[in-house]
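Listed below are the residues making up each chain.
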Amino acid sequence: MSSLLLLLLLLLLLLLSAPASPLEFRYHDNSEMEQYLLHVNASYPDITHLHSIGQSVRGQELWVLVLGRTPTRHTVGIPEFKYIANMHGNEVLGRVLLLQLIDHLVRGYRDNEPWSSRLLNSTRIHILPTMNPDGFDAADTHCLYSQGRFNFNGVDLNRNFPDAFAGRRRAVIGWLRTESFVLSANLHGGALVASYPYDNSNGGSELVGGASVTPDNDVFVHLAKVYSFHHTSMHRGDSCHDSRPFLDGITNGYQWYPLPGGMQDYNYVWSQCLEVTLEVSCCKFPPVQQLPVLWRDNQRALLAFMQQVHLGVKGRVLDSSGVPVQNAVVEVKGRRNLCPFRSDQHGEYYRLLLPGNYTFTVTFPGHEVLTETLSVPYGPERFSALTHDFRLRRAAAPTSGPAPTPGPTLTCNSSAHLEGGGASNRPQWAGLAWCLALGAGLQALLH
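For the protein chain, the name recorded in an unreviewed UniProt entry is Carboxypeptidase M, with Myripristis murdjan as its organism. In its Cofactor (unreviewed entry) section, UniProt records this for the protein chain: "Zn(2+)".

Draft legend 1. Here's a closer look at unusual backbone geometry. Cis geometry is adopted by the peptide bond preceding Y198, which originates at P197 and carries an omega value of 0 degrees. In this fold, Y198 is placed in the loop between β6 (191-196) and β7 (206-208). Although it is not a glycine, N112 sits at a positive phi angle of roughly 60 degrees. Along the chain, N112 turns up in the loop between α3 (93-110) and α4 (114-122). Exposure remark for N112: the relative accessible area of 62% places this residue in the exposed category. The phi dihedral of N327 falls on the positive side, at around 70 degrees, and the residue is not glycine. With respect to the helices and strands, the residue N327 is situated in the loop between β11 (313-318) and β12 (329-332).

Draft legend 2. Broad picture of the pattern of salt bridges. Counted under the stated rule, the structure contains 13 salt bridges. Ionic pairing is found between E24 and R26, a salt bridge with its closest N-O pair at 3.1 Å. Residues joined in a network through salt bridges with shared partners are D216, D218, R335 and R351.

Draft legend 3. Highlighting the UniProt feature "active site" (unreviewed entry) in the protein chain. When the UniProt feature table is mapped onto this chain, "active site" (unreviewed entry) is found at E279. Among the secondary structure elements, E279 is positioned in strand β10 (residues 274-281). Not counting residues within four places of it along the chain, the set of residues in contact with E279 comprises H188, G189, G190, A191, L192, V193, M234 and W256. A polar contact of 3.3 Å, which involves the side chain of E279, links it to the backbone nitrogen of G189.

Draft legend 4. Looking closely at the nonpolar core. Counting 106 residues, the largest nonpolar core has Y83, L101 and L187 as the members making the most contacts within it. Sort the elements by how many residues they give to this core and α3 lands first, with nine residues. Mapped onto the domain boundaries, this core takes at least three residues apiece from domain 1 (22-310) and domain 2 (313-391). If near-sequence neighbours (up to four positions away) are discounted, L101 is found in contact with Y83, I127, W295, L302, L303 and M306.

Thresholds applied
- Residues numbered from 1 in each chain as written.
- Predicted model: local features only at pLDDT ≥ 70, side-chain atom pairs only at ≥ 80, totals over all residues.
- Heavy atoms only, no water.
- UniProt positions renumbered as here; feature names shortened; annotations may be inferred.
- Helix = DSSP H or I, 4+ residues; strand = E, 2+ residues; numbered from the N terminus.
- Buried < 20%, exposed > 50% of the residue type's maximum accessible area, 1.4 Å probe, protein only.
- Salt bridge = Lys/Arg side-chain N within 4 Å of Asp/Glu carboxyl O.
- Contact = heavy atoms within 4.5 Å.
- Polar contact = N/O pair within 3.5 Å; in protein donor to acceptor, adjacent residues only side chain to side chain.
- Core = buried A, V, L, I, M, F, W, Y, C linked by side-chain atoms within 4.5 Å.
- Domains from an automatic or database assignment.

See the structure below:
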């Protein structure tokens, strides 16, 4: 009798530990998506953390699932990555892809797949499957001209960012300020291309061949190509409904589709986060039967892009006592950003850079300006950027002479308004670039 009972217990344990069926390929509504995310969080509490960053206009939660070995908190040396989808409510494939990605990641980790373990042990991944649940509720299934693009108030969330996020809709802005994101992608639909900043002809940006390029243009081009060449067909440059093809399946945002105040520009300028916009399907609302193929088209690209968060250099800025300091300016020679990159609240800095030699200048009040040249390898293959801490020396007190005249004061942070488009906005951007040029030397988802 005891042997039979033991056998029954073993069978029960086997049934309980048997893997659940994979996530169904269909469009889960917002309630089903919420239940699925709750289920994943309950099933994998050691590597996931589910939280809401706020609510939509109609009061629906904006759920973010965090994945990693320390999902509830930041760990020094572990970069923060994010994927966002469904910003336009009628562009729906992205939310399907991100739910499938979650399923793929947790199953891989559970099954001890090396690719999943290495990624989740080295990266903290944030996934927001829908940024516009209200728009999704209103969307119909037309391939190109479906309703539901805007939020409940009729606002296009990818224009005049962050002005579109007044009141409680400022949730995404608060999220960007809370987490020190390094790399990001925003999934859209209606084309097949990877688009990179700038989206707007911002004052201080350089126009090259009709493109509004950033100081990190080489990195952005590389990031866009990583996605397009790991995608089944994006790299071929098929134009879908556009009149011209995209070389290598990538484009500068301004050169293709100029828009004022795009979210990827905001991330880059104000939040030190390099973001690429991924147009992942020619059809905004693909037929359900196409979803498995579209997942296979994007699966490798989604994983490869996340791995790029390990490009370049990372580390901390330490004062003369070895204490990490916040707001130290960390600049790379030849890359004058509109808002200089600074160390965060942990004293950390992250700079996504392609392999090569780079000269860094680090400035912090009361300390000597530090200049060092680093040889940067290709980090994604090792799931780690080059780690290098900058150790500052306290500056000697001046012995004589009048106090220096204060330079211009400029505050660069993600709560400031990034406006674009139109002549009325150009002076703001031009003034920003002028002030930086003068001040840099001072401290410059359930089925």
